[in-house]
Amino acid sequence: MYSLWLSWKHLVHKPAQLTLNLVLIGLSTGLIAAVLLFSRMLTDRLDRNLAGVDMVIGAKGSPLQLVLAGMYHIDVPTGNISLEEAQAFLRPGHPLIATAVPLSLGDSHKGYRIVGTDARFLELYQLALADGKPFEKPMEVVAGSRVARLLGLKIGSTFQSTHGLDHNEDLIHEESQPFVVTGILEPSGTVADQLLLTPTESVWMVHGDHGHSHADMESMTPEGEDHVHGPDCGHDHPAHEEHAEEPTEAREITSVLIRFKVRNHLTLNMPRSINENTNLQAASPAIELNRLYGLMGTGVSMLRWLAMVIMVAAGLSIFVSLYGSLKERRYELALLRVMGSTPTYLFRLILTEGLLLALIGAVLGIVLAHAGISLAGHYLEQEWRYAFPADLFLVQELWLMGIVVVFGVLAALLPAWQARKVDIAQTLTEG
Amino acid sequence: MIETRDLTFSYPGGILLRFPDFRCRPEEQWLIWGESGSGKTTFLHLLAGIRTPASGQVIIRDQDITSLSPRKLDAFRGRHIGLVFQTPHFIDALTIRQNVVLACKMSGHSISQGEVDTWLNRLGIGHRADALPFRCSQGEQQRASIVRALVHRPALLLADEPTSALDDRHCDEVVRLLQEQTRQSRTALVIVTHDQRLRNHFPNALTLTSHVQPLA
């Protein structure tokens, strides 16, 4: 314990050197830990929301965008598709499809997405109600647990939707019938926690599909080429109820989430067949996610390499500072020998300094990583509506700390060996 | 009792130093004289067990330290021998008080805060107890190094040229302190020096001449 204290005193005696070493070790450890944490949280979030969905059908465009918008609600949809075209997949009794869930996107409430769908959405994500009842009629809403908590929604709460995903007072559907909250979901850890679920008809009632696509509204600005509903918009609006009565061929939805009964060559070929023979686009979430992980993997890999380089620099810094200090500490080491300490004690003393530096640096790095995730999480939550909790701890972080400590000890090994070999008589004679 | 018998030391270049036998009773105070190259410092290092003789014995408190294993020799040195150098050196990261405590810890002695303060006050540096060594004057550092060498009450205090760099006033003061404190601690004192000013302060003196011969 005394040697630990002595090592610590030596370290704090050179605050500039100590700070430099800790910054280098902390930065490298923090960067690796942050990459580990972020990757884990992202893949957890993405995998948890797969919900067994085998295929997403929507408008032509980027398949990754279709998946991200339809399943994760973190991108704008590729556009709308006609309900008539989608009916082929939505009707019960399809020989290959077990579940098909329609989604109508385009509106939000205070930045949280309103999703027009039906009861099958609740089944797909195995969602249970914490309070109230499921939606039954148009304009009824079941709120996700997180959105309900953050917006203070309760059973009977009413609100009006806004065009697009950004909260903008000018884009509120003031003239439309308000949505009424009838149920609040239990937390599921899925995307449903941050959604407001309502029957598809609600979206049609608010928007109608008389000449503009409501999914496109998400990327629209108030000054955009698409128009905004209002008393001065220059044409007559049919009553909202009338939209619901519009013929099927005039109605649109945004996408369909599909789960197959079985996976065979027919289901394997279905996306290609849809893409080649219809105006629709079919995308496989598994394939698109793999593509996304591949894209992310390059960035993650680069960050890891960068962290490794910093860690090597940190190791060199420990080595240089300990080795460099040996010359000026030679007399101190000889003094310790004169006072009765053994060469092994000196070896342990220097090794402990390397260990302490690495350990403190590693702890600092982990704290930095969590603080960074907390800050970034706050930003990402505002952007994506996904929570990135900073209190998630991974076993890999312990491994990382262990590796950093071993690294520090290795860097101190040669200086410690040199300290062990200090010639007392020669040093004292030169002194 | 401190005693050396037939002590020789060989340098790497094939030079052999032969030392006269030396006996020092407990509480005696000795000067070891010699010109440069006579082997004074080497003799002191042999007494302290930090050099290994080519032959002969160094007996301190009935223990021939040349027969001890390195580990036991380190422990013996820490426990029974104190050293004072021409230029006082300290562990720079520790205060004067912590340096004194360190000497006790290393020698396996326990010491209370009060005892440390008593020692430091006795040598007039109590007010510098919590100062880092580099903030103390040369004189304060030399006094602190005497405290550190004596605080664990060793059998033998070895001082290597403790006054060579000091003016007359400080020279007298250091010699007085060394003599007083070793007497009070019942510690034998051996000073190795070529400083003529010390000649009249010590009744016992051993002069080293160059008993140098090439190795056969």
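So, how was this worked out
- Residues numbered from 1 in each chain as written.
- Chains lettered and ligands numbered in written order.
- Predicted model: local features only at pLDDT ≥ 70, side-chain atom pairs only at ≥ 80, totals over all residues.
- Heavy atoms only, no water.
- Helix = DSSP H or I, 4+ residues; strand = E, 2+ residues; numbered from the N terminus.
- Buried < 20%, exposed > 50% of the residue type's maximum accessible area, 1.4 Å probe, protein only.
- Contact = heavy atoms within 4.5 Å.
- Areas by Shrake-Rupley, 256 points an atom, 1.4 Å probe, with all protein chains shown as cover.
- pLDDT = per-residue confidence, 0-100.
- Buried area = accessible area lost by both parts, 1.4 Å probe.
- Salt bridge = Lys/Arg side-chain N within 4 Å of Asp/Glu carboxyl O.
- Polar contact = N/O pair within 3.5 Å; in protein donor to acceptor, adjacent residues only side chain to side chain.
- Arc of directions from axis to C-beta.
- Expected span 1.5 Å × (residues − 1).
- Pairing = 2+ DSSP bridges.
- Axes fitted to C-alpha atoms, helices over the stretch in contact; angles between N-to-C directions.
- Phe/Tyr/Trp six-rings, centres within 6.5 Å; stacked < 30°, edge-to-face > 60°.
- Lys NZ or Arg CZ within 6 Å of the ring centre and 35° of its normal.
- Lys, Arg positive; Asp, Glu negative; His and termini not counted.

Asks: Tell me about the overall build of chain A, residues and numbers included.
Replies: In terms of helices and strands, chain A carries 13 helices and 13 strands. Taken over 431 residues, chain A has a buried fraction of 52%. Once local pairs closer than 6 in sequence are excluded, the contacts in chain A between residues at least 24 apart make up 79%.

Asks: Go over the overall build of chain B, please, and point to the residues and values.
Replies: Across its full length, chain B holds six helices and 11 strands. Put simply, chain B has 216 residues, and 55% of those count as buried. Long-range pairs, those at least 24 residues apart, make up 72% of the contacts in chain B with a sequence separation of at least 6. Summed over all atoms, the accessible surface of chain B reaches about 9400 Å², with 46% contributed by carbon and sulfur.

Asks: Kindly report on the confidence of the model for chain A, identifying the contributing residues and their values.
Replies: Residues and elements named next belong to chain A. On average, residues of chain A score 81 in pLDDT, and 86% of them reach the 70 mark or higher. Here residues 209-214 scores under 50 on pLDDT; set against residues more than four positions off or in separate chains, the count is 28 contacts. This model gives residues 216-244 a pLDDT under 50, and the stretch forms 61 contacts once residues within four places in sequence are excluded.

Asks: Explain the interface of chain A and chain B to me, using residue names and the numbers behind them.
Replies: Residue-level contacts link 24 residues of chain A with 27 residues of chain B. Of the roughly 2300 Å² buried between chain A and chain B, counting both surfaces, carbon and sulfur atoms make up 69%. The tally of links between chain A and chain B comes to one salt bridge. Of the charged contacts, one joins arginine 337 of chain A and aspartate 74 of chain B as a salt bridge, the two residues approaching to 2.9 Å between their closest N and O atoms. Along the contact surface separating chain A from chain B lie three residue pairs in polar contact (both at pLDDT 80 or more). Mapped onto the side of chain A that touches chain B, the elements with two or more residues apiece are helix H1 (2-13), helix H10 (285-338), helix H11 (343-384) and helix H13 (424-430) of chain A.

Asks: Hey, could you go over helix H4 (residues 83-90) of chain A for me, with residue numbers and the actual values?
Replies: Turning to H4 of chain A, its buried residues are Leu83, Ala86, Phe89 and Leu90 of chain A. Taken end-on, H4 of chain A shows its buried residues confined to a sector of 105°, consistent with a single buried face.

Asks: How would you sum up helix H3 (residues 96-107) of chain B? Please name residues and give values.
Replies: Residues and elements named next belong to chain B. Its 12 residues give H3 an end-to-end C-alpha distance of 17 Å, which sits within 8% of 16 Å, the value for a rise of 1.5 Å per residue. In terms of burial, H3 is largely enclosed, as nine of its 12 residues are buried. Residues of H3 that are buried include every one of Ile96, Arg97, Asn99, Val100, Leu102, Ala103, Cys104, Met106 and Ser107, and no others.

Asks: Requested: an account of the sheet that holds strand E4 (residues 29-34) of chain B, with residues and values cited.
Replies: Residues and elements named next belong to chain B. Spatial strand order, E7-E8-E9-E4-E10: five strands in an open sheet with parallel pairing. Both edges of this open sheet fall to strand E7 (81-84) and strand E10 (204-208), since each of them pairs with a single strand only. Mean inter-strand twist for the sheet, computed between neighbouring axes without regard to direction, equals 20°. Pairing of E4 with E10 involves five bridges; the strand directions are parallel. Its bridge partner lying in E10, isoleucine 32 is registered against leucine 206. Sheet contacts for helix H5 (residues 138-150): E7 and strand E8 (156-160); angle to E7, the most-contacted strand, approximately 170°. Sheet strands in contact with helix H6 (residues 168-185) are E4, E7, E8 and strand E9 (188-192), and its direction is about 155° off that of E9.

Asks: So what's going on with the environment of cysteine 24 of chain B? Which residues, and what values?
Replies: Residue and element names in this part refer to chain B. Mapping cysteine 24 onto the fold places it in strand E3 (residues 22-24). Among the residues examined, cysteine 24 registers a relative accessible area of 0% and is labelled buried. Put simply, cysteine 24 and threonine 4 are 20 residues apart on the chain and 9.3 Å apart in space, counted from C-alpha to C-alpha. Other than its neighbours up to four places away in sequence, cysteine 24 contacts Met1, Ile2, Trp30, Ala188 and Val190.

Asks: If you had to explain the pattern of salt bridges to someone new, which residues and values would you point to?
Replies: Summed over the entire model, instances satisfying the criterion amount to 20 salt bridges over all chains. Here glutamate 353 of chain A and arginine 329 of chain A are joined by a salt bridge, their closest N and O atoms 2.8 Å apart. Residue glutamate 353 of chain A is found in helix H11, and its partner arginine 329 of chain A is found in helix H10; the two are separated by 24 residues along the sequence. With a shortest N-O distance of 3.7 Å, glutamate 3 of chain B and arginine 23 of chain B are connected by a salt bridge. Of the two residues, glutamate 3 of chain B sits in strand E1 (residues 2-10) while arginine 23 of chain B sits in strand E3, which places them 20 residues apart along the sequence.

Asks: Pulling in residues and values, what's your account of the side chain of threonine 99 of chain A?
Replies: All names here are of chain A. Checked against the element boundaries, threonine 99 lands in strand E3 (residues 97-109). Looking at threonine 99, the relative accessible area reads 16%, which means it is buried. Residues contacting threonine 99, with those up to four places away along its chain left out, are Arg120, Leu124, Leu257, Ile258 and Arg259.

Asks: Can you tell me about the packing of aromatic side chains, naming the residues and giving the values?
Replies: According to the stated counting rule, one finds 10 aromatic pairs over all chains in the structure shown. An angle of 20° between the planes, with centres 5.4 Å apart, marks the rings of phenylalanine 159 of chain A and phenylalanine 179 of chain A as stacked. Residue phenylalanine 159 of chain A is located in strand E7 (residues 158-159), and its partner phenylalanine 179 of chain A is located in strand E9 (residues 179-185); the two are separated by 20 residues in the primary sequence. Judged by its relative accessible area of 1%, phenylalanine 179 of chain A falls in the buried class. With centroids separated by 5.9 Å and ring planes inclined at 80°, the aromatic side chains of phenylalanine 22 of chain B and phenylalanine 43 of chain B adopt a geometry described as edge-to-face. Of this pair, phenylalanine 22 of chain B sits in strand E3 while phenylalanine 43 of chain B sits in helix H1 (residues 40-48), and the two are 21 residues apart along the sequence. Residue classification places phenylalanine 22 of chain B among the buried positions, given a relative accessible area of 2%. Owing to a relative accessible area of 0%, phenylalanine 43 of chain B belongs among the buried residues under this scheme. What links up through ring pairs into an aromatic cluster is the set Phe19, Phe22, Trp30 and Phe43 of chain B. The lysine or arginine in question, arginine 122 of chain B, covers the ring of tryptophan 119 of chain B, its NZ or CZ lying 4.4 Å from the ring centre. We note arginine 148 of chain B situated over the ring of phenylalanine 90 of chain B; from NZ or CZ to the ring centre the distance is 4.7 Å.

Asks: Give me the lowdown on the pairing of strand E6 (residues 140-143) of chain A, citing residues and values where you can.
Replies: Residues and elements named next belong to chain A. The two faces of E6 match: Glu140 and Val142 on one face and Val141 and Ala143 on the other face are all buried. Where E6 meets strand E10 (residues 196-199), two bridges bridge the pair, whose relative direction is antiparallel. Of the residues in E10, the one forming a bridge with alanine 143 is leucine 196.

Asks: Account for the side chain of glutamate 161 of chain B, naming residues and giving values.
Replies: All names here are of chain B. Note on placement: glutamate 161 falls in the loop between E8 and H6. Of the side chains with opposite charge, lysine 40 comes closest to the buried, unpaired glutamate 161, at an N-O distance of 4.1 Å. Glutamate 161 has contacts with Lys40, Gln86, Val192, Thr193, His194 and Asp195, leaving out every residue within four places of it along the chain.

Asks: Quick one: what's the story with the environment of asparagine 204 of chain B, residue by residue and with numbers?
Replies: All names here are of chain B. Here asparagine 204 lies in strand E10. Using a relative accessible area of 22% as the deciding quantity, one classes asparagine 204 as partly exposed. Residues asparagine 204 and leucine 31, spaced 173 residues apart in sequence, show a C-alpha to C-alpha distance of 6.3 Å. Excluding anything up to four places from it in sequence, asparagine 204 contacts Glu28, Gln29, Trp30 and Leu31. At 3.2 Å, the side chain of asparagine 204 forms a polar contact with the backbone oxygen of glutamine 29.

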